[in-house]
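Next come the chains, spelled out residue by residue.
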Protein chains: 2
Amino acid sequence: MNHAKNSSILLDKAIEELSQLPGIGKQTALRLALHLLKKGEKTLTKFGQTFVDMGANIQKCKVCQNISDTEVCSICSDDERDGTTICVVENIRDVLSIENTHQFSGKYHVLGGTISPMDGIGPNDLEIESLLDRLTEEPIKEIILALSTTMEGDTTNFYLYKKIQPYDVKLSVLARGVSIGDELYYTDSITLGKSIVNRSPFTPSL
Amino acid sequence: MNHAKNSSILLDKAIEELSQLPGIGKQTALRLALHLLKKGEKTLTKFGQTFVDMGANIQKCKVCQNISDTEVCSICSDDERDGTTICVVENIRDVLSIENTHQFSGKYHVLGGTISPMDGIGPNDLEIESLLDRLTEEPIKEIILALSTTMEGDTTNFYLYKKIQPYDVKLSVLARGVSIGDELYYTDSITLGKSIVNRSPFTPSL
């Protein structure tokens, strides 16, 4: 849609900024900008300042490379978490996903991606050296590889396996199998095959 | 979805701000915040500052009540526009819609809503007095009522008609009829009825 000149350049700018976000077009951006405008100056200032502050203060945790408000993130500096188990993930979002399960109380290491020659991403582009450094500096007993089940994820898993082998740590990966709540009929055959090969003892529970 | 404590309060705040926008949930807000985060500090600062500036500087045009960056908006202060024709609309969005048609070169007056006793909105809650003031102060020859075709819009039209009658101005409303490109079969009977009653002379064109 070809937008006419607006009576407010400030509104135009807000629409432009919002419409750069993924999945938000000009029309939606206008709707969102007018929503904020309607709420008044206080809301607009709070909204905007949040992103200015985020830009100024957010950083990578120097230990795990997760985003952090401080030099060392709140997970790394939390003494109640198990510092002997490190879960290796691709990105910040995966940390959030695993945290949401409330099933992991160890620490993390964010690689920043997976090895992908097609995209020109090699091991040196990832936070692998910093992971190996942690193996010598921290009392790590187990590394859990929680990468995507893609070709790139598998390649990265193998690369990490080779690099980690010399160290005295247990290396594990996330269990693969039929999703909970899924019907067998809808499970893809590779996953189903893996879940038969890697079947686990039946433990009666509620 | 129950979000776990995040490693960054700044990210949490950004998610909270984004998820207050209409149609944006926590998951989408997270995706948008991470998108901005990935673009880096400069993008975040520009994004945020836009809304801070908007909050600080945007105001209502003192003539037409449209939003403006200055005391008098760019439409009202544009001498190339026809100051004798005023189009009365409900809100800012309607100004944009009409501007997008490129068919109107007069000026506007933004009422701020329509008379709606159900919602407790009376004539005094709308910018009606300021419209009448303009009728004495400006060389206005025609007022176009471009309100919604709802009960509230019709009520407001009638109220404005009564108020404007004493002045020597032409009063018109938007033409109602079959939408261009619409098939008759899909046109609602009230619109179709009106379009027969208000039929216009056939003018051959390309």
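My aim in this report is to walk through the structure given alongside it, one point at a time.

Glancing now at the overall build of chain A. The number of helices and strands found in chain A is seven helices and six strands. Its helices and strands in sequence order give chain A the pattern α-α-α-β-β-β-α-β-α-β-α-β-α, from N to C terminus. Taken over the C-alpha trace, chain A has a radius of gyration of 23 Å; the compact-globule value for 206 residues is 17 Å, which it surpasses by more than 25%. Oriented by its inertia axes, the alpha-carbon framework of chain A measures out at about 65 × 45 × 45 Å. The buried share of chain A, taken over its 206 residues, is 41%. For chain A, the computed accessible surface area is about 12,100 Å², with 53% contributed by carbon and sulfur atoms. Here chain A carries 21 positive and 28 negative side-chain charges, and the mean point of each set is 6 Å from the other.

Once that is clear, we can look at the relation of the copies chain A and chain B. The two copies are related by a screw operation: chain A maps onto chain B through 180 degrees of rotation and 0.0 Å of translation along the axis, at an RMSD of 0.1 Å. Considering both components of the superposition, the chain copies are consistent with a two-fold axis. Measuring from the rotation axis to each C-alpha of chain A, the shortest distance belongs to Gly 48 of chain A, at 1.9 Å. The share of interface residues of chain A whose copies in chain B are also at the interface is 100%, consistent with both copies meeting through the same surface.

Residue and element names in this part refer to chain B. Between helix α5 (residues 129–137) and helix α6 (residues 151–164), the least distance of the axes is 11 Å, while the angle of their chain directions is 35 degrees. The crossing of α5 and α6 is right-handed. Between α5 and α6, the residues in contact are Leu 131, Leu 132 and Leu 135 and Leu 160, Lys 163 and Ile 164, respectively. Its residues placed into classes, the contact of α5 with α6 shows five nonpolar, no polar and one charged.

Attention now moves to the side chain of Ser 8 of chain A. Locating Ser 8 of chain A in the fold gives a position in the segment before α1 (9–19). Reaching out from Ser 8 of chain A, the side chain makes a polar contact with the backbone nitrogen of Leu 10 of chain A at a distance of 3.3 Å. Excluding residues within four positions of it along the chain, Ser 8 of chain A makes contact with Ile 58, Ile 67, Ser 68 and Asp 69 of chain B.

When the parts come together, some accessible area is lost, and that loss is often what is quoted as the size of the interface. At the junction of the two partners, chain A supplies 57 residues and chain B supplies 57 residues. The largest contributions to the chain A side of the interface with chain B come from Ser 7, Leu 10 and Phe 51 of chain A, which together make up 12% of the buried area. Seen at the junction of chain A and chain B, the total is two salt bridges. Linking chain A with chain B are eight residue pairs in polar contact (both at pLDDT 80 or more), by the criterion used here. Those elements giving two or more residues to the side of chain A that touches chain B turn out to be α1, α2 (26–39), α3 (41–57), β2 (67–68) and α4 (92–101) of chain A. Top contributing element to the side of chain A that touches chain B by residue count: α3 of chain A, with 16 residues.

What counts, and where the lines are drawn
Residues numbered from 1 in each chain as written. Chains lettered and ligands numbered in written order. Predicted model: local features only at pLDDT ≥ 70, side-chain atom pairs only at ≥ 80, totals over all residues. Heavy atoms only, no water. Helix = DSSP H or I, 4+ residues; strand = E, 2+ residues; numbered from the N terminus. Rg over C-alpha atoms; globule rule 2.2 N^0.38 Å. Buried < 20%, exposed > 50% of the residue type's maximum accessible area, 1.4 Å probe, protein only. Areas by Shrake-Rupley, 256 points an atom, 1.4 Å probe, with all protein chains shown as cover. Lys, Arg positive; Asp, Glu negative; His and termini not counted. Charge placed at Lys NZ, Arg CZ, Asp CG, Glu CD. Least-squares fit on C-alpha atoms with pLDDT ≥ 70 in both. Contact = heavy atoms within 4.5 Å. Axes fitted to C-alpha atoms, helices over the stretch in contact; angles between N-to-C directions. Left-handed = near helix turned anticlockwise from the far one by under 90°. Nonpolar A, V, L, I, M, F, W, Y, C, P; charged D, E, K, R; others polar. Polar contact = N/O pair within 3.5 Å; in protein donor to acceptor, adjacent residues only side chain to side chain. Buried area = accessible area lost by both parts, 1.4 Å probe. Salt bridge = Lys/Arg side-chain N within 4 Å of Asp/Glu carboxyl O.

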